[in-house]
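The primary structure of each chain is shown beneath.
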Amino acid sequence: MNRPNARITTLIGIVSLLGTGMLAAGCKSSDKPPPGAMADPTLMENYPTVVALEGLQPYIGVSAPVEDRTPGQPLSVNVPVRALTNGAELNVQYRFFWLNDQQVPVQEEGEWRYMRMPARSQVFMSGNALDGRASRWRLEIRPAR
């Protein structure tokens, strides 16, 4: 008689453990956040003003930009850029970003502009902000598409 009672006690114990495990599993949250992005190791103040994209860096040289900060007028910039190639012309595209003092864009991204750069010759990439809050700028240059 002890044996059937022992089996029932064992069965009740197993069912209790399974029930507790299922209850605990049901209480677990399956909501896991997505992985967070890594912090950029380049500080904002060290980010280059002129950025050469898609392998263009060895083929262009940039001279000191000329900024026009006429009071009451939006910022405008002329950036002298020279093709460092010996015989081949470069076909590039460029666009300006206009930022406030906190490095936040004050207008939508500029449109990509096409430019043909003769070998060893300097050209000027020009842009002007449409928003008077722009106090900084950034220029991106890429091979033409």
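Look a little higher up for the structure.
A brief report on the enclosed structure follows. (Residues numbered from 1 in each chain as written. Predicted model: local features only at pLDDT ≥ 70, side-chain atom pairs only at ≥ 80, totals over all residues. Heavy atoms only, no water.)

## Quick notes on the packing of aromatic side chains
Thinking step 1. In total, this model carries 3 aromatic pairs according to the counting rule given.
Thinking step 2. Here tyrosine 94 and phenylalanine 96 contribute two aromatic rings whose centre-to-centre distance is 6.1 Å and whose plane-to-plane angle is 85°, an arrangement assigned as edge-to-face. In this structure, tyrosine 94 and phenylalanine 96 share a single accessibility class: buried.
Thinking step 3. Over the ring of tryptophan 112 we find arginine 142, and its NZ or CZ is 3.8 Å from the ring centre. (Phe/Tyr/Trp six-rings, centres within 6.5 Å; stacked < 30°, edge-to-face > 60°. Buried < 20%, exposed > 50% of the residue type's maximum accessible area, 1.4 Å probe, protein only. Lys NZ or Arg CZ within 6 Å of the ring centre and 35° of its normal.)

## Some details on unusual backbone geometry
Thinking step 1. At glutamate 54, a residue that is not glycine, the phi angle is positive and equals roughly 55°.
Thinking step 2. By relative accessible area, which is 49% here, glutamate 54 ends up partly exposed.
Thinking step 3. Phi at glutamine 103 is positive, roughly 70°, even though this residue is not glycine.
Thinking step 4. Tracing the chain through its elements places glutamine 103 in the loop between β5 (90–99) and β6 (113–117).
Thinking step 5. With a relative accessible area of 18%, glutamine 103 lands in the buried category. (Helix = DSSP H or I, 4+ residues; strand = E, 2+ residues; numbered from the N terminus.)

## A few points about the sheet that holds strand β1 (residues 50–52)
Thinking step 1. The strand order across the open sheet built from 4 strands is β1-β8-β5-β6, with neighbouring strands paired in mixed fashion. A single partner strand is all that each edge strand has here, and the edge strands are β1 and β6. Across the sheet, the axes of successive neighbouring strands diverge by a mean angle of 30°, strand direction being ignored.
Thinking step 2. Bridge count for β5 against strand β8 (residues 136–143) is 8 bridges, and the pairing is antiparallel. Bridge pairing in β8 links glutamine 93 to arginine 142. (Pairing = 2+ DSSP bridges. Axes fitted to C-alpha atoms, helices over the stretch in contact; angles between N-to-C directions.)

## Regarding the side chain of arginine 138
Thinking step 1. By secondary structure assignment, the location of arginine 138 is in strand β8.
Thinking step 2. Among buried Asp, Glu, Lys and Arg side chains, arginine 138 stands out as unpaired, with glutamate 140 the closest opposite charge at 6.2 Å.
Thinking step 3. Non-local contacts of arginine 138, meaning those with residues more than four positions away in its chain, are made with Met44, Tyr47, Pro48, Thr49, Val51, Arg95, Phe96, Phe97, Leu99 and Gln103. (Lys, Arg positive; Asp, Glu negative; His and termini not counted. Salt bridge = Lys/Arg side-chain N within 4 Å of Asp/Glu carboxyl O. Contact = heavy atoms within 4.5 Å.)

Remember, this is a structural readout, not a statement about activity or role.
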